[in-house]
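Spelled out from the first residue to the last, the chains are:
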Number of protein chains: 6
Amino acid sequence: MDIDNQKTITDTIAQLSDIPQGIGNTAPDGTALPMPSTDNLKEIVDLCREIIFPGYFGQTPTSPESIKYHIGINVESLTRLLKQEIYSGLCFSDPEKHNNVATLRKAESTAVQFVAYLPELRRLLQGDVQALYNGDPASTSFSEIIFAYPAIKAISNYRIAHRLVELGVPLIPRVITEMAHSETGIDIHPGAQIGENFAIDHGTGVVIGATCIIGNNVKLYQGVTLGAKSFPLNDNGNPIKGVPRHPIIEDNVVIYAQATILGRITIGKNSTIGGNVWITENIPQNSKIVQKGAKNYI
Amino acid sequence: MDIDNQKTITDTIAQLSDIPQGIGNTAPDGTALPMPSTDNLKEIVDLCREIIFPGYFGQTPTSPESIKYHIGINVESLTRLLKQEIYSGLCFSDPEKHNNVATLRKAESTAVQFVAYLPELRRLLQGDVQALYNGDPASTSFSEIIFAYPAIKAISNYRIAHRLVELGVPLIPRVITEMAHSETGIDIHPGAQIGENFAIDHGTGVVIGATCIIGNNVKLYQGVTLGAKSFPLNDNGNPIKGVPRHPIIEDNVVIYAQATILGRITIGKNSTIGGNVWITENIPQNSKIVQKGAKNYI
Amino acid sequence: MDIDNQKTITDTIAQLSDIPQGIGNTAPDGTALPMPSTDNLKEIVDLCREIIFPGYFGQTPTSPESIKYHIGINVESLTRLLKQEIYSGLCFSDPEKHNNVATLRKAESTAVQFVAYLPELRRLLQGDVQALYNGDPASTSFSEIIFAYPAIKAISNYRIAHRLVELGVPLIPRVITEMAHSETGIDIHPGAQIGENFAIDHGTGVVIGATCIIGNNVKLYQGVTLGAKSFPLNDNGNPIKGVPRHPIIEDNVVIYAQATILGRITIGKNSTIGGNVWITENIPQNSKIVQKGAKNYI
Amino acid sequence: MDIDNQKTITDTIAQLSDIPQGIGNTAPDGTALPMPSTDNLKEIVDLCREIIFPGYFGQTPTSPESIKYHIGINVESLTRLLKQEIYSGLCFSDPEKHNNVATLRKAESTAVQFVAYLPELRRLLQGDVQALYNGDPASTSFSEIIFAYPAIKAISNYRIAHRLVELGVPLIPRVITEMAHSETGIDIHPGAQIGENFAIDHGTGVVIGATCIIGNNVKLYQGVTLGAKSFPLNDNGNPIKGVPRHPIIEDNVVIYAQATILGRITIGKNSTIGGNVWITENIPQNSKIVQKGAKNYI
Amino acid sequence: MDIDNQKTITDTIAQLSDIPQGIGNTAPDGTALPMPSTDNLKEIVDLCREIIFPGYFGQTPTSPESIKYHIGINVESLTRLLKQEIYSGLCFSDPEKHNNVATLRKAESTAVQFVAYLPELRRLLQGDVQALYNGDPASTSFSEIIFAYPAIKAISNYRIAHRLVELGVPLIPRVITEMAHSETGIDIHPGAQIGENFAIDHGTGVVIGATCIIGNNVKLYQGVTLGAKSFPLNDNGNPIKGVPRHPIIEDNVVIYAQATILGRITIGKNSTIGGNVWITENIPQNSKIVQKGAKNYI
Amino acid sequence: MDIDNQKTITDTIAQLSDIPQGIGNTAPDGTALPMPSTDNLKEIVDLCREIIFPGYFGQTPTSPESIKYHIGINVESLTRLLKQEIYSGLCFSDPEKHNNVATLRKAESTAVQFVAYLPELRRLLQGDVQALYNGDPASTSFSEIIFAYPAIKAISNYRIAHRLVELGVPLIPRVITEMAHSETGIDIHPGAQIGENFAIDHGTGVVIGATCIIGNNVKLYQGVTLGAKSFPLNDNGNPIKGVPRHPIIEDNVVIYAQATILGRITIGKNSTIGGNVWITENIPQNSKIVQKGAKNYI
């Protein structure tokens, strides 16, 4: 490398070594906070899937006897990894909690509470598999849905993440739903509340906001947004934080592709919302909404 | 770990070791069915790409002499992996076929038939590359499209998967198109029939349903849905399965971003469909459709 | 393998070993051109992120003293990999440049110029983090945005790629933005010009075309297209290349979900564009545009 | 590459593609025999060590409850890998056994017989650990010996391999003892018969021949050879095969460094053999042998 | 698997899950002690070699400026790994030290003391390289010795391990010298004291005992044993522990291949010991010892 | 880390960053020389073994047709890696050769010359396999020897390395034989000249010096040294370099375990040398030498 180039490099390193406020992950005492590990979080999700749907992912048990060992090992690994990641999440949101025995104990008990929820999580996901099967004329078996459908991936990650939200874990839930968002194009905020037998078809572009409440037996198609009606701003011109601002979708609602539903409104039960519509007001029960300009060619 | 936590873990493992019906992949005789390997399927697709577009992916041959060895090895690996995965797919859809010499023979002959199709697959993809080049003002060379365009990835996976559908392979085709869906946001059902010189621009959010029929020289933009008109339901409130339910797109049609086209309708040849429209009826040949409310601001 | 199958395989290998024009990456002299390495490009982006946001990715420094070593090593690796990939990019677009000392020297000086830009890149991304924080009621800290938001990933890749475009590097920038497109569903062409404090929410399906010009403090929601109005075609029926054909978005504009804005039009500063609208004409400053048929149910 | 070099390469490939008799692993029907996998064999040995000495190698169980799952999984993996390797070994020594259901069944039952021997193997190795501890003034604990002593590695591999010899498995045992030979310099033929509480100190250069019989409580130092007296040759000038030709070492014998003991002789119980001696005749019980020329300096 | 085989497996797992005393690594409170990681120890040795001989191993610095960053990072990694492994070593030898802040602090300060010794270690190894170069007619450069000679590997590991012995670290030093023993066949106990400019030629089979004292400028050939004269036993028939029992080798001594020197004797300075001799008494300064029976053929 | 510890680390890094003469691999112009890659060299040896003994190592061809592709690819990879490593070796011994087109051309032509030698290398190794089979009563087939015997590993590496010596390649041959030395304990200098049908039994501790000349049909046992008689020193007290100083072993000689044969002497053809002898004078043809003190017990 010629001397001028080398000098440019050296000078740039010096400049970059001076970290501005808010850019580097360094606590006031000069130490770095423990960051969540995306590899661990990926493994946590994989372990949950392997525990809940045995035989589809990871190593395959060959008999009821052997399943016991596999589930034992997998639950043990899950508990260990969760404890570690929950600890990182707690410290991330409050650096004071770092190097603190109470935080470790909290991380462990939270991990155990999550594990204790796995049978219920299995029951819920079983319902979602059933709903996806019923709702898709192209599906051929439960097994195909478990193994190959992006929606079940996105919903699994959401249900895992949402439980962690309920247990008071910061940051980690968001990373888990973003992993599914990246893989499937389905963006479900872990704070949303979603009932049983939930189905999404195709899914790319679906957005479900943080304060959404969704009932049982709801089905969404690709590109559906359940978002905030964003106009209300604070004095600085930014959206007001922390208030319920996303829709409530009651039981048995179907929403077709690309529909945009905004604000703290309610879509009444048994309603059907057609594709590409834009809704910002309450919809009564049993409604059928379609885009007015359906035959809109010249 | 404290004793209460340990007990919770142990109890949960016991609960989880009792697998409910329809959740675990265990055949009636207690053995697990062989599952397709997503790693193998990824390698199968990579091998096809390396064979069809030599020099862009994998190890680079340096002379016509050496290309021969590389294609020989790659075709051999492809045949071996395909045989294995087709076998898994056959058993997945019908557990009776497991541990059955006829199934192994069928898997081998199907893999060989797929390999024999590679020259035709190469011809088709060459046409798609040409169409993408012609249709994108930003593209600079065939090489750039082969190496870097998501559409060619999605179309390659579709054409591979569709051939496997024609050869009667279950499950595997769907997994192959889902791999491209995850990577590109383009969701093409492997059952769809698509003609020559097919182009997709940007692509995120494109959905092409299982019974679509698409002619030659068709071009789609991002967010286009060629879907089922979902209202017809059966007595249980679920979509009726197994009937032609997606559009027919004739030759030379262009469909712009976010257009939603639903049901077993026909878009006549040489037509242009504008962005964001919602179409559920036949469109005659040579039409130009745009959203009615184009100047729709207050 | 039975003899017929083996023969089919052997024949197909022979057919495939005869590479048609335009399919294989072989220069006229029979050698293969050096291809960009997607692994290297991924590492280049990761190194930029690790240098700019120290402590969030890769190995964690534990003190100001130690940060210096890490940044030194990372900048050195970055320079080496960039030089190599820029070299491949230059040869890719012009095979004459291969095995040419001037090309190597150009690759090195370009890599160094890129490195010298890192402090400015850090300043810009710091502004983007701030904008994302201000614009999302669900965000809890700068750290969460840096670590977990897909938009910051997509914007980082764009800003890296755009600088490479300015430095005259072919192909590589496109591959870098496609990597983010695949991960986030946000498709920003590296040629677009984007100002400071840029924010995207959710993001799946966003498309920003090659000749877009975007001002400061602009915010986009998912599914927004800033595209070309594609009808003007040349004599062959293909889009005319190389002319400004995408929108100009002035300062302080907000564009809501699924809006489609097409052609070389200008959205005046301080305007707000509602969701799902379709715009192909200039919009004056300070406008508020919403979809006409907002209450469009039957 | 210049044309002459390329031609040399091409010609050499053609020459090499013509495989002479006895060099390539190709059965008469043109298929390759399944070869043992050294990776699998390494894992088999590691699994045995992890099962027998839990907590020292591999993943660490944290409670009696959890040990059960780990041992369950490890025994299951061991059985599966052993079955596969024993199958390869059987086919290796007799190609007729390939693709033969009886061979698969034999492989499985042999693997299971090996597994059933693990508790006895544990008892024997526990005795060897005790003997190593007693015999080495520098050792500080059983744990140190289990974790760090090459002799325990070599003896473990020998005892595993010897059991496989007893079960009639060809080839595999030899590969397993060679693995330890490479790591430790201790070369024990798997056919040798070795009693309880066996100790080797340092060990490099130790050779124990195929027909050796070693009693209980025997200790060897580095460089000890228990070999064949090689002079008796057959008509072709090669050693005569298949007869007992290595020493019998009775109980409680100690043999010091570099001693060479050759032929089917007996070293009587309780004897001590000094370093660097060369013995080819029977030694009575309770003898103390030292090199005659001990004070052999000028 | 047939039922009898499955039952055998299940029964054996049950038997094996009952761990006998002294076999499993489980502390009285049921937790497992942290075990040293051989991967980490290998990396520790590699880092020392990379720091001391920059440019031969690992990533290559290209300028004095850049060497600084590499050494900074490598020293930092070394400190972190050493701290972790020293901690494991301390707990291994005394389980009471586990989960104890004082142990962590001791581990850190010990790691730092080791790091502070690196410049002296470099000086010593530089001397050993010089001695190996002078002593081997086949060596062509210092670089060849640093990069390719097994002796420098064995001596490096010994000098690292011996420093850790001096700093009071249990177990770890032994594992480090065993790593070199396995790779080179040279077995140097970390407790031995060895002076400057030490050389070993070929080396396979060399054994240097725990209480050896070796002066400056000493050279050994392959197969040399500096061992204990093992006959003195305690009442149980085992060697007496903890007393000086290996030779003292004074300055400028050369010992040829396969010589065996046993007991707490002294080889006087400037002496030469011939190959294959067996010595158990003091040798005066300036002696030349050769095997008496040198011309010992019939 | 406390402040004192941190300061110690920082100070030590500063000290270590000042590299003394002869320690770092830095050429006078400040750049690092390209070092040979031990990973590449390992792959080179593996490729040679896979080419020469097809079906035993690496991927298994299943038919004569397919072997052609595998050998083609393997020879191509071998040529590429050899060229790279020979280049490094040439620069290592003479830094002036770095960045020099003539060096690259020499590296390529040398690699090609080596490849052209592979058929002869195969013939020689086939003879060695035969000799090992004839000489070991415990061997059961050629296949067992090819797959599992350490001697064939050591002899293969020697024959590869010796050819590279003949072609004038520095450093690389030594590294290749050291790799086998580490694995097998057999230390053959690549400069030695060894005839056909060469056999080594067990092998640990065998040393064959740089100027040895060994005839056809020679067999060695473990621990045999063919070394220099080291007393003749130069004025500085170091061995005199560059003169023939190791034994000549004529055809049909057998040398038993631990024999030490030193100096430029000749062991006449058809002789047998017994174990543990020490020889420094010529031995006539047809001799039988045994250790005088064979019955040397008290």
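Residues numbered from 1 in each chain as written. Chains lettered and ligands numbered in written order. Predicted model: local features only at pLDDT ≥ 70, side-chain atom pairs only at ≥ 80, totals over all residues. Heavy atoms only, no water.

(A) Highlighting the sheet that holds strand β10 (residues 260-262) of chain C. Residues and elements named next belong to chain C. Ordered in space as β1-β4-β7-β10-β13, the 5 strands form an open sheet in which the pairing is parallel. Bordering the open sheet on either side are β1 (187-188) and β13 (278-279), each of which pairs with just one other strand. Pairing geometry for β10 and β13, over 2 bridges, is parallel. The residue bridging Ile 261 from the neighbouring strand is Ile 279, located in β13. (Pairing = 2+ DSSP bridges. Helix = DSSP H or I, 4+ residues; strand = E, 2+ residues; numbered from the N terminus.)

(B) Summary view of the interface of chain D and chain B. At the interface, 6 residues of chain D touch 5 residues of chain B. When chain D packs against chain B, the two sides together hide about 430 Å² of surface, and 60% of this comes from carbon and sulfur. The largest per-residue losses of area from chain D upon contact with chain B belong to Ile 13, Glu 65 and Tyr 69 of chain D, which jointly make up 60% of the total buried on that side. The interface formed by chain D and chain B holds 0 salt bridges in total. On the surface where chain D and chain B come into contact, there are 0 residue pairs in polar contact (both at pLDDT 80 or more). Listing elements by their share of the side of chain D that touches chain B, those giving two or more residues are α1 (3-16) and α3 (64-93) of chain D. (Contact = heavy atoms within 4.5 Å. Buried area = accessible area lost by both parts, 1.4 Å probe. Salt bridge = Lys/Arg side-chain N within 4 Å of Asp/Glu carboxyl O. Polar contact = N/O pair within 3.5 Å; in protein donor to acceptor, adjacent residues only side chain to side chain.)

(C) View of the relation of the copies chain B and chain A. Placing chain B over chain A gives an RMSD of 0.1 Å and needs a rotation angle of 120°, together with 0.1 Å of translation along the axis. Taken together, these values place the two copies in the relation of a three-fold axis. (Least-squares fit on C-alpha atoms with pLDDT ≥ 70 in both.)

(D) Up close: the relation of the copies chain D and chain B. Once chain D is rotated about the relating axis by 180° and shifted along it by 0.0 Å, it coincides with chain B to within an RMSD of 0.1 Å. Considering both components of the superposition, the chain copies are consistent with a two-fold axis. No C-alpha of chain D approaches the rotation axis more nearly than that of Val 101 of chain D, which lies at 6.3 Å. Both copies share a contact surface, since 83% of the interface residues of chain D are interface residues in chain B too.

(E) The packing of aromatic side chains, seen in detail. The tally for this structure, following the rule as stated, stands at 24 aromatic pairs over all chains. Where Tyr 221 of chain A meets Tyr 256 of chain A, the ring centres are 4.7 Å apart and the plane angle is 25°; that geometry is what we call stacked. Note that Tyr 221 of chain A is positioned in strand β6 (residues 219-221) and Tyr 256 of chain A in the loop between β9 (254-255) and β10 (260-262), a separation of 35 residues in sequence. Judged by relative accessible area, which is 9%, Tyr 221 of chain A ranks as buried. Note on Tyr 256 of chain A: relative accessible area 11%, which makes it buried. Within the aromatic cluster, the residues linked to one another by ring pairs are Tyr 56, Phe 57 and Phe 147 of chain A. Looking at Arg 174 of chain B, its charged tip hangs above the ring of Tyr 149 of chain A, at a distance of 4.2 Å from the centre. (Phe/Tyr/Trp six-rings, centres within 6.5 Å; stacked < 30°, edge-to-face > 60°. Buried < 20%, exposed > 50% of the residue type's maximum accessible area, 1.4 Å probe, protein only. Lys NZ or Arg CZ within 6 Å of the ring centre and 35° of its normal.)

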